[in-house]
Amino acid sequence: MYIAVGLTLFRSNILLSYIKNIRSVLLRIFFVALLSEKFGNLAKNHLLCRVKQMKNNHIAGGLCVAVLCYAWGVLCLQKSDYLYQVQNFSPWLGTNDYLLQFVGHPGGLREWAGDWLTQFFYYPWLGASVMVVCWALSSWLLIKANRLEGWWKTLPLVPVLALFTSIIDLGYWIFCLKTRSYWFGPTLGLLAVGITQFIYSRCGEHGRLLSLVLMILIGYPLLGWFAPLGVIAMLLCSPWRRPRAAWLKLICAAGAACIAVMAFYYQSPAVHWREDGLLYGFPHMVNPEASSLLLEIPFWTMAVSVIVLPLFARLQKVRALSWVPVVLVAATLAGSNMLNYRNDNFHTELRMLRAMDEGRWEEVLSGIRTSRKPTREMVIMKDVALAQLGKLGD
């Protein structure tokens, strides 16, 4: 009997141990399943966010390409005769004396290079292509320098569209413009700002300090008013959570470099530097015959957008503000379309001037026939064309 009772207890203990083991295994399976479901949802949400971000990156990149293609199409198709006339205002010479006329004042090398590139407008499609490539490169550099993602990648289109507007809204001002390298100079300045800001964002502490000082000491004589613009953008691009001593070094270095540059040009008798100061070379649309502050708005828009771009880059994580860059780009594009100069007589005159340069006299006559109210210049060009064709007395 005792043996039977012992066997029964032994079997019951084994059964209880089996039950405990099964219970512990089931609990482990339950907790593993629960945790895997929780982390699986997190991984799934993270993956969906990454896919959505990649999708937004591709859409934003496509939008940038579409806007640049639109600008190229307007310049080539609608402003072809205008660009051809622009290259006549670029008396670029490959001599040392001509170069010395530019390097003697701030931003001279930028204007000299801009004058050289303006010659490409002899073939309007070629000049427009070079300009759009510079705009595309500037946008890419600003995107990388400010680490823009998603829809925020479209923000660099705002300064690009501002420069585009400064070209298409000029109108009759091309005949009385005093600013050298008006067309390519600002584009090269924006490209230089993008390059320096990109280099600055990739440097360490000492590299940033050195690039900031060089941007003022060397950049101001070469770029003019784009140098202080780039310095402000570089400072705002710096990490804000940094020791106060580091900020003090940057600000003191920038201030000392500015004082050195100002002292140098203040004593130079060959440069009328005191009128504009650090904004030397900014396009002022003023001459003895007329003035137009409206034509300066695109340049101020470009400068302000470059400055606030690093500030907007810090708002990328706020999902409620993801619509801001698209609205800004759409507003700038709408403003550019509104300011586009569409005077029929103006474009007819330019088309007739180009036909005269190329000896197409019949097209000169056809141009004046399509005009409802011919201007005096159009009548003069018609008389010249009739004289060349031997029909002046007919």
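Residues numbered from 1 in each chain as written. Predicted model: local features only at pLDDT ≥ 70, side-chain atom pairs only at ≥ 80, totals over all residues. Heavy atoms only, no water.

Draft legend 1. Summary view of the overall build of the protein. If you tally the helices and strands in the protein, you get 16 helices and zero strands. Buried positions account for 42% of the 394 residues belonging to the protein. In the protein, the proportion of contacts linking residues at least 24 apart, taken out of those at least 6 apart, comes to 76%. When the accessible surface of the protein is totalled, it reaches about 22100 Å², and 68% of it is carbon and sulfur. (Helix = DSSP H or I, 4+ residues; strand = E, 2+ residues; numbered from the N terminus. Buried < 20%, exposed > 50% of the residue type's maximum accessible area, 1.4 Å probe, protein only. Contact = heavy atoms within 4.5 Å. Areas by Shrake-Rupley, 256 points an atom, 1.4 Å probe, with all protein chains shown as cover.)

Draft legend 2. Structural view of the packing of helix 7 (residues 185–202) against helix 12 (residues 297–313). Packing of helix 7 against helix 12 leaves a shortest axis separation of 12 Å and a crossing angle of 10°. Considered as vectors, helix 7 and helix 12 are oriented roughly parallel to each other. On the side of helix 7, the interface is formed by P186, L190, V193 and Q197, while helix 12 contributes F299, M302, V306 and P310. A breakdown of the residues in the contact of helix 7 with helix 12 according to their chemical character gives seven nonpolar, one polar and no charged. (Axes fitted to C-alpha atoms, helices over the stretch in contact; angles between N-to-C directions. Parallel < 35°, antiparallel > 145°, perpendicular 65-115°, else oblique. Nonpolar A, V, L, I, M, F, W, Y, C, P; charged D, E, K, R; others polar.)

Draft legend 3. A look at the pattern of salt bridges. In the structure shown here, the tally under the stated rule is one salt bridge. A salt bridge links D81 to R354; its shortest N-O distance comes to 3.2 Å. Taken together, the residues span a long stretch of sequence, with D81 in helix 2 (residues 80–86) and R354 in helix 14 (residues 344–357) at a distance of 273 residues. The same class applies to D81 as to R354, namely buried. (Salt bridge = Lys/Arg side-chain N within 4 Å of Asp/Glu carboxyl O.)

Draft legend 4. The nonpolar core, seen in detail. Membership of the largest hydrophobic core comes to 65 residues, with the highest contact counts inside it found for L75, Y82, W135, F164, L170, W183 and M302. By residue number, the principal contributor to this core is helix 6 (residues 157–168), which donates nine residues. What Y82 contacts, discounting residues up to four positions off in sequence, is I167, L170, I174, W183, F346 and L350. Judged by nonpolar contacts, the second largest core, of ten residues, contains M352, W361, L365 and I368. (Core = buried A, V, L, I, M, F, W, Y, C linked by side-chain atoms within 4.5 Å.)

Draft legend 5. Up close: the packing of aromatic side chains. What the rule picks out here adds up to 15 aromatic pairs. Geometrically, the ring pair formed by Y82 and F346 is tilted, given 6.4 Å between the ring centres and 55° between the ring planes. With Y82 in helix 2 and F346 in helix 14, this pair connects stretches of sequence that are 264 residues apart. The pair formed by Y82 and F346 is uniform in burial state, with each residue classed as buried. Arranged with centres 5.2 Å apart and planes meeting at 85°, the rings of W116 and F120 form a pair that is edge-to-face. Grouped by ring-pair contacts, the aromatic residues Y82, Y172, Y341 and F346 constitute a single cluster. If you follow R354 out to its NZ or CZ, it ends over the ring of Y84, 4.9 Å from the centre. (Phe/Tyr/Trp six-rings, centres within 6.5 Å; stacked < 30°, edge-to-face > 60°. Lys NZ or Arg CZ within 6 Å of the ring centre and 35° of its normal.)

Draft legend 6. Representation of helix 13 (residues 324–339) in the model. The end-to-end C-alpha separation of helix 13 is 23 Å, in line with the 22 Å expected for 16 residues at 1.5 Å each. What helix 13 keeps buried is the set V324, P325, V329, T332 and S336. Buried residues of helix 13 fall within an arc of 130° about the axis and therefore sit on the same side. Looking at the packing, one finds that the buried side of helix 13 touches helix 6 and helix 12. (Expected span 1.5 Å × (residues − 1). Arc of directions from axis to C-beta.)

Draft legend 7. Main features of the packing of helix 6 against helix 12. One can describe the packing of helix 6 onto helix 12 by two numbers: an axis separation of 8 Å at closest approach and a directional angle of 170°. Classified by the interaxial angle, the pair formed by helix 6 and helix 12 is roughly antiparallel. Side by side, helix 6 and helix 12 meet where V158, P159, A162, L163, T165 and S166 of the first sit next to P298, F299, T301, M302, S305 and V306 of the second. Its residues assigned to classes, the contact of helix 6 with helix 12 comprises eight nonpolar, four polar and no charged.

Draft legend 8. Layout of unusual backbone geometry. If you check the backbone angles, R147 has positive phi at about 55° while not being a glycine. Relative to the helices and strands, R147 resides in the loop between helix 5 (124–146) and helix 6. Relative accessible area serves as the criterion here: at 48%, R147 is assigned to the partly exposed category.

Draft legend 9. Highlighting the confidence of the model for the protein. Scored by pLDDT, the protein has a mean of 75; 73% of the residues are at 70 or more. Here residues 38–49 is modelled with pLDDT under 50, and outside its nearest four sequence neighbours on either side it reaches two contacts, counting other chains as well. (pLDDT = per-residue confidence, 0-100.)

Draft legend 10. Up close: a nonpolar patch on the surface. Side chains of L100, V103, L109, L210, L214, L217, I218 and L222 sit close together on the surface and give an oily, nonpolar patch of about 670 Å² of accessible area. If you tally residues by element for the nonpolar patch, the top one is helix 8 (residues 205–217), at three residues. In this fold, L214 is placed in helix 8. For L214, a relative accessible area of 39% translates into the label partly exposed. (Patch = residues over 30% accessible without salt bridge, like charges linked within 9 Å, V, L, I, M, F, W, Y side chains within 5 Å.)

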